Amino acid sequence: MMKRFTKQENSWMFYDWANSAYSIIISTAVFPLFYKAAATKAGISAANSTAYLGYTIAIATFILAMLGPILGTIADYKGYKKKFFTFFFFVGVLSTAMLAFIPSEKWLLLLICYTFTAIGFAGANVFYDAFLVDITSEEKMNAVSAHGFGLGYIGSTIPFLISIVIIILAQQGVLPISAIIASKIAFLITAVWWGLFTISLLKNVQQQYFIEPEKNPVINSFKRLGETFKNVKQYRSVFLFLIAYFFYIDGIGTIITMSTAYGSDLGISSTNLLVILFVTQVVAAPFAILYGKLSDRFTGKKMLYVGIIIYIIVCIYAYFLKTTLDFWILAMLVATSQGGIQSLSRSYFAKLVPKANSNEFFGFYNIFGKFASIMGPLLVGAIAQMTGHSNMGVFSLIILFLVGIAVLARVPEPKEIKYEKPLI
């Protein structure tokens, strides 16, 4: 598979392999269960602890949403993109490692540290995604982006499997450590994996499209940001896509980040949840690559439609969820589309934006995605508290997917877009 890609493309794709350990272990699986156990021990109800996790995700994403376009605009200058990526990467890795040293009963401190891990992870992704225009051609963007997600799912299964084995053996008394210590070891494994496999990107990926440095780069960056808003008609296709993305990625992000908390509320055991999530990662890998191949045949937009429709089915099915088997079926449905829809969103957007301004526009990509991630968890959290049933919150996400499809239908194909004037 890797021979058909260049050294830069491979190095870029392997960051998905590196940071996906965070996505599954910290965002989705081990940390939410670790936190839920800590909150329960402190006397907090299941619905309230789920809500507090949702609020924490909202706070972290709000911070990044505010910073994204500003930092992205500055990072369009030559040499800045790698610096910003590196900064957020280190924030993410170090704070993830710090989770292992926080006493398990300090549930609020856990959430605060988790906020920093989320900021580092999401912040690095802004600049990582923007590097897509630098490392490959427009014709290969779908394939490179999809293979990146595929590698991410494959790579994440290795540290996740190691972590699951350690946790289960600790729970069964085979290893002479507590389940709490086993979970903390999983946090350290995540940090090491993330850091180790990012080295190739740091060495081999460079910014190819940029704006030449100027005096007062921060002030000029704000001016360029203002010009973008003034000339919004020129970028109508970009912003239409961002609005569609805002709605459908909201539902996707909420389902991914709160799935284990939701499953826990339904009474599914931690061991079952971990196994289900592991299998989900394995199944998602080939489907992410398949989406990339099918997009070259049927267009990226049509495959985005397919993915969104599958998520609508997920929301409907989640409302009636009762058993562990139901959760298995739901997880497999998610596995067929979560990587594909995210990878194609990234490559579709990369084709829409002017390359030299990619950081600025991926900053907007981030802000729309992150504001969506505020609304979804808040919605699920608020409805879970009001009704006492988490499934009501998940079902309410269906409207977001419907609006996303409606707006996406108005976005033209990238090849149809011509900018009226130079952007730098």
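Right, let's walk through the structure included here. Per chain, the residues get numbers from 1 upward, laid out in the order the sequence is written. Per-residue local features of the predicted model are confined to residues with pLDDT of at least 70, and side-chain atom pairs are confined, for both listing and counting, to 80 or more; whole-chain, interface and lining totals are unaffected and use all residues. Values reported for side chains reflect all heavy atoms of the structure, with hydrogen atoms and water molecules removed beforehand.

Regarding the overall build of the protein chain
Note the following rule: By definition, any uninterrupted DSSP run of H or I lasting at least four residues is a helix, any uninterrupted run of E lasting at least two residues is a strand, and each is numbered from the N terminus. Any two residues whose heavy atoms approach within 4.5 Å are treated as being in contact. Only the protein chains shown count as cover for residues, and all accessible areas are computed by the Shrake-Rupley method using a 1.4 Å probe.
The helix and strand tally for the protein chain stands at 17 helices and 0 strands. The long-range fraction of contacts in the protein chain, counting pairs at least 24 apart against all pairs at least 6 apart in sequence, stands at 85%. Of the roughly 16600 Å² of accessible surface on the protein chain, a fraction of 69% belongs to carbon and sulfur atoms.

What about the pattern of salt bridges?
Two side chains bearing opposite charge may form a pair once their charged atoms approach each other closely. As a reminder, the rule being used: What counts as a salt bridge is simple: a side-chain nitrogen of Lys or Arg found within 4 Å of a carboxyl oxygen of Asp or Glu. Buried residues are those whose accessible area, probed at 1.4 Å on protein chains only, stays under 20% of the maximum for their type, while exposed residues exceed 50% and partly exposed ones sit between those limits.
All chains considered together, the criterion is met by 4 salt bridges. The shortest N-O distance in the salt bridge between Lys 140 and Glu 9 comes to 2.9 Å. With Lys 140 in the loop between helix H6 (132-135) and helix H7 (141-171) and Glu 9 in helix H1 (residues 7-28), this pair connects stretches of sequence that are 131 residues apart. Take Lys 140: its relative accessible area is 26%, and that puts it in the partly exposed class. Residue Glu 9 is classed as buried on the basis of its relative accessible area, which comes to 3%.

Notes on the side chain of Ser 183
Structurally, the position occupied by Ser 183 is in helix H8 (residues 179-196). Owing to a relative accessible area of 9%, Ser 183 belongs among the buried residues under this scheme. Not counting chain neighbours up to four residues away, the residues in contact with Ser 183 comprise Val 30, Phe 34 and Ile 167.

Here's the deal with the environment of Ile 167
Mapped onto the secondary structure, Ile 167 falls in helix H7. On the basis of relative accessible area, Ile 167 is assigned to the buried category, the value being 4%. Each C-alpha atom of the pair Ile 167 and Ser 183 lies 6.3 Å from the other, and the pair is 16 residues apart in sequence. When near neighbours in sequence (up to four residues on either side) are disregarded, Ile 167 contacts Val 30, Ala 182, Ser 183 and Leu 274.

Observations regarding the packing of H1 against H7
Put simply, the test is: Fitted lines through C-alpha atoms give the axes, limited to the stretch in contact for helices. The angle between two N-to-C directions lies from 0 to 180 degrees. Just so you know how the angles are binned, under 35 degrees is roughly parallel, over 145 roughly antiparallel, 65 to 115 roughly perpendicular, and the rest oblique. Each crossing gets its hand from how the near helix is turned against the far one by less than a right angle, where anticlockwise is left-handed and clockwise is right-handed. Any residue that is not Ala, Val, Leu, Ile, Met, Phe, Trp, Tyr, Cys, Pro, Asp, Glu, Lys or Arg is counted as polar, Gly included; the first ten are nonpolar and the last four charged.
Across the interface, H1 lies against H7 with an axial gap of 7 Å and an inter-helix angle of 45°. Between H1 and H7, the interaxial angle falls into the category oblique. Crossing handedness for the pair H1 and H7: right-handed. Its residues placed into classes, the contact of H1 with H7 shows 14 nonpolar, 8 polar and 2 charged.

A short note on the environment of Ile 181
Mapped onto the elements of the fold, Ile 181 is located in helix H8. Taking relative accessible area as the criterion, Ile 181 reaches 38% and is therefore assigned partly exposed. Along the sequence, Ile 181 and Ala 100 sit 81 residues apart, while their C-alpha atoms lie 8.2 Å from each other.

Observations concerning unusual backbone geometry
Look at Thr 299: it is not a glycine, yet its phi comes out positive at around 85°. Note on placement: Thr 299 falls in the loop between helix H12 (270-298) and helix H13 (300-319).

Brief notes about the packing of H1 against helix H2 (residues 30-41)
Running from amino to carboxyl end, H1 crosses H2 at an angle of 15°, the nearest separation of the two axes being 3 Å. Taken together, H1 and H2 sit at an angle that is classed as roughly parallel. Contacts between H1 and H2 involve Ile 24, Ile 25, Ile 26, Ser 27 and Thr 28 from the first element and Val 30, Phe 31 and Pro 32 from the second. Partitioning the contact of H1 with H2 into residue classes produces 6 nonpolar, 2 polar and no charged.

Regarding the nonpolar core
Under the convention used in this document: As used in this record, nonpolar core signifies buried Ala, Val, Leu, Ile, Met, Phe, Trp, Tyr and Cys residues forming a set joined through side-chain atoms within 4.5 Å.
Ranked by size, the top nonpolar core spans 125 residues in total, and within it Trp 12, Phe 160, Phe 241 and Tyr 248 carry the most contacts. Of the residues forming this core, the biggest block, 13 residues, is contributed by helix H5 (residues 107-130). Among all residues touching Phe 241, those that are not within four sequence positions of it are Tyr 248, Leu 304, Ser 345, Tyr 348, Phe 349, Leu 352, Tyr 365, Leu 408 and Val 411. By size, the runner-up hydrophobic cluster in this structure holds 6 residues, among which are Tyr 153, Ala 285, Ala 288 and Ala 335.

Quick word on the packing of aromatic side chains
What counts here: Two aromatic rings, drawn from Phe, Tyr or Trp (for Trp, its six-membered ring), form a pair once their centres lie within 6.5 Å of each other, and the interplanar angle then sorts them: stacked below 30 degrees, edge-to-face above 60, tilted otherwise. Our definition puts a charge over a ring when NZ of Lys or CZ of Arg is within 6 Å of the ring centre and also within 35 degrees of the ring normal.
Scanning the model with the defined rule gives 29 aromatic pairs in all. Ring centres of Trp 17 and Trp 193 lie 5.9 Å apart, and the angle between their planes is 20°; on these two criteria the pair is classed as stacked. Residue Trp 17 is found in helix H1, and its partner Trp 193 is found in helix H8; the two are separated by 176 residues along the sequence. Comparing Trp 17 with Trp 193, the two get one shared label, buried. Ring geometry for Phe 241 and Tyr 245: centres 6.1 Å apart, planes at 15°, overall stacked. Pair noted here: Phe 241 and Tyr 245 are both in helix H11 (residues 236-265), with a separation of 4 residues, about one helical turn. Among the aromatic residues, those joined into a cluster by ring pairs are Trp 12, Tyr 15, Tyr 22, Phe 85, Phe 89, Phe 90, Phe 121, Tyr 128 and Trp 194. A cation sits over an aromatic face here: Lys 81 above Phe 131, 4.8 Å from the ring centre. Positioned above the aromatic ring of Tyr 80 is the side chain of Lys 83, whose terminal nitrogen or guanidinium carbon lies 5.6 Å from the ring centre.

Things to note about the environment of Ile 341
Turning to its location among the elements, Ile 341 is positioned in helix H14 (residues 324-352). For the pair formed by Ile 341 and Ile 249, sequence separation is 92 residues and the distance between their alpha carbons is 8.8 Å. Setting aside anything within four residues of it in sequence, one finds Ile 341 in contact with Tyr 248, Ile 252, Tyr 291, Leu 304, Gly 307, Ile 308 and Tyr 311.

Some points on H12
To be explicit about the condition: In a helix, the anticipated span is given by 1.5 Å times the number of residues less one. To get the bend at a residue, fit one axis to the 7 residues ending there and another to the 7 starting there, then take the angle between the axes. Polar contacts, as counted here, are pairs of nitrogen or oxygen atoms within 3.5 Å of one another; within protein the pair requires one atom able to donate a hydrogen and one able to accept it, and residues that are adjacent in sequence qualify only if both atoms are side-chain atoms.
Its 29 residues place the ends of H12 40 Å apart at the C-alpha level, agreeing with the 42 Å of an ideal helix rising 1.5 Å per residue. In H12, a bend of some 30° at Ala 284 exceeds every other bend along the element, and Pro 286, a proline, comes one to four places later. The residue sitting at the N-terminus of H12 and contributing the capping side-chain oxygen is Ser 269; that oxygen lies 3.2 Å from the backbone nitrogen of Asn 272. Trailing H12 by a residue or two, Thr 299 shows a phi angle of about 85°, which is positive.

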